[in-house]
Amino acid sequence: MKIGGMEVLAVADGMGVEVAADILTRPGVDDPWACHDHHREDDATLRLPLGGFCVRTGERVVLVDAGVGAFDDGPYRGGALLDSLAGYGITPADVTDVVFTHLHFDHIGWATHDGTPVFPNALYRAHRADWQHFVTGPAPQPHAVDKLTPLGPRLELFDTDTTIAPGLDAVHTPGHTPGSTVYVLSDGGQRAILLGDVVHSVVQFSERDWQVIWDVDPATASTARNRIADQAAETGDLLAAAHFPGMRFGRIITGDTDRRFVAI
């Protein structure tokens with residue numbers, strides 16, 4: 001995908017499998033998936049791609065999210081991210097920046113491996129609110145602590161919206177987690193937004209009241225998701241999220257009564 005002079009590459013790491021109705025519901029609707037059966041597998045599961053996006057802008061090579069890592073617990077399996085980068089001719093040493101949309105386990109997996117940073121020349125960045133929630137707060141997540149504390153001085157925390165690289169901006173979008181961040185790419189009159197887990201499935205663009213079990217603040221997450229979708233419908237901005245089928249970009253299309261995501 002090209003956004004002006006910027007190149008955005010989908011970097012696959014693996015796949016997660018969840019029962020669709022267990023993770024995504026609509027309050028007061030008995031079978032919300034009945035109208036969206038084509039978005040799930042024959043066994044009623046969702047296949048959730050795991051990985052991130054690599055942005056080439058100027059002299060910078062920025063990895064947005066680091067997949068689930070060399071990990072296999074049955075439902076979630078990773079391990080392919082470095083090979084996916086290599087397929088684009090990118091080595092770990094080429095990556096100048098690693099930025100996180102949030103700090104759930106399936107987005108930080110290749111931050112470190114066996115206690116060593118995977119990308120030796122990169123500066124890592126995350127929102128301070130997520131660091132405090134997952135690492136230093138009253139209920140730290142062991143996986144996040146193990147994966148992220150070895151970064152030491154390579155990690156830089158931000159607590160305001162900030163420019164990461166030319167044409168790439170971090171915008172705080174809390175709800176899914178306290179520090180959830182989307183990354184806005186803009187160049188040559190074009191814009192795209194890397195959504196992280198603001199959205200887990202494209203069905204969440206269709207009706208406004210979908211809830212996912214992993215949102216820390218469901219009401220705030222829903223407001224953010226619908227605001228982004230409404231704005232993208234007006235502007236034509238491209239949207240992408242690692243968990244979307246094929247990690248494909250798409251646009252929000254609206255009709256007389258509906259709103260939907262159409263992949264390109």
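In what follows, the structure referred to is the one given above.
Residues numbered from 1 in each chain as written. Predicted model: local features only at pLDDT ≥ 70, side-chain atom pairs only at ≥ 80, totals over all residues. Heavy atoms only, no water.

## A look at the overall build of the chain
Looking only at helices and strands, the chain features five helices and 19 strands. If you line up the chain on its principal axes, its C-alpha atoms span 50 × 40 × 35 Å. The long-range share in the chain, meaning contacts at least 24 apart out of those at least 6 apart in sequence, stands at 69%. Carbon together with sulfur atoms contributes 50% to the accessible area of the chain, which is approximately 11200 Å² in total. Taking the 19 positively charged and 36 negatively charged side chains of the chain as two groups, their mean positions are separated by 5 Å. (Helix = DSSP H or I, 4+ residues; strand = E, 2+ residues; numbered from the N terminus. Contact = heavy atoms within 4.5 Å. Areas by Shrake-Rupley, 256 points an atom, 1.4 Å probe, with all protein chains shown as cover. Lys, Arg positive; Asp, Glu negative; His and termini not counted. Charge placed at Lys NZ, Arg CZ, Asp CG, Glu CD.)

## Remarks on the pattern of salt bridges
One pass over the structure, following the stated rule, counts 13 salt bridges. The partner of arginine 40 in a salt bridge is aspartate 37, and the shortest N-O contact between them spans 2.6 Å. Relative accessible area serves as the criterion here: at 17%, arginine 40 is assigned to the buried category. The closest approach of N and O atoms between arginine 191 and aspartate 237, which form a salt bridge, is 3.0 Å. Separated by 46 residues along the polypeptide, arginine 191 in strand β15 (residues 190–194) and aspartate 237 in the loop between α5 (218–235) and β17 (238–240) bring together distant segments of the chain. (Salt bridge = Lys/Arg side-chain N within 4 Å of Asp/Glu carboxyl O. Buried < 20%, exposed > 50% of the residue type's maximum accessible area, 1.4 Å probe, protein only.)

## So, helix α3 (residues 128–136)
What sets the pattern is the α-helix's 3.6 residues per turn: residues three or four places apart point alike. What α3 keeps buried is the set Asp130, Trp131, Phe134 and Val135. For α3, the buried positions fall inside an angular range of 100° around the axis, keeping them on one side. Each element contacted by the buried residues of α3 is listed here: β10 (123–127), α4 (142–148) and β11 (155–158). (Arc of directions from axis to C-beta.)

## Description of the nonpolar core
Among the nonpolar cores identified, the biggest contains 28 residues, and Val95, Val98, Phe100, Leu103, Phe119, Tyr124 and Leu148 are the most heavily contacted of them. Those elements that provide at least two residues to this core are β2 (6–19), β5 (60–64), α2 (81–87), β10, α3 and α4. By residue number, the principal contributor to this core is α3, which donates three residues. Those residues in contact with phenylalanine 119 that lie beyond four places of it in its chain are Leu63, Leu81, Leu82, Leu85, Pro92, Val95, Val98, Trp110, Tyr124 and Arg154. Core analysis: the next-biggest nonpolar cluster, separate from the first, contains 22 residues, Val8, Val55, Ala192 and Ala242 among them. (Core = buried A, V, L, I, M, F, W, Y, C linked by side-chain atoms within 4.5 Å.)

## Comments concerning the pairing of β5
Here β5 lies mainly inside the structure; four of its five residues are buried. Inspection of the sheet shows strand β4 (residues 45–57) paired to β5 by five bridges, in the antiparallel sense. What sits directly across from arginine 56, in β5, is valine 61. Relative to strand β7 (residues 97–99), β5 is paired through three bridges, and the arrangement is parallel. (Pairing = 2+ DSSP bridges.)

## Examining α5
Counted at 1.5 Å a residue, the expected span for α5 with its 18 residues is 26 Å, and the 26 Å between its end C-alpha atoms agrees. Looking at the buried side of α5, the elements it contacts are β14 (181–187), β15, β17, β18 (250–254) and β19 (259–263). Positive backbone phi, approximately 80°, marks glycine 236, located one or two places after α5. (Expected span 1.5 Å × (residues − 1).)

## Considerations on the packing of aromatic side chains
Tallied over the entire structure, the rule returns eight aromatic pairs. With a centroid separation of 5.9 Å and an interplanar angle of 65°, the aromatic rings of phenylalanine 53 and phenylalanine 249 are classed as edge-to-face. One end of the pair, phenylalanine 53, is in strand β4; the other, phenylalanine 249, is in the loop between β17 and β18, with 196 residues separating them in the sequence. Neither residue differs from the other here; phenylalanine 53 and phenylalanine 249 are each classed as buried. Ring centres of phenylalanine 205 and phenylalanine 261 lie 5.9 Å apart, and the angle between their planes is 25°; this geometry places the pair in the stacked category. Residue phenylalanine 205 is found in the loop between β15 and β16 (211–212), and its partner phenylalanine 261 is found in strand β19; the two are separated by 56 residues along the sequence. Exposure remark for phenylalanine 205: the relative accessible area of 0% places this residue in the buried category. Taking the relative accessible area as the measure of exposure, phenylalanine 261 reaches 13% and is therefore buried. In this structure an aromatic cluster arises from ring pairing among Phe71, Tyr76 and Phe105. (Phe/Tyr/Trp six-rings, centres within 6.5 Å; stacked < 30°, edge-to-face > 60°.)

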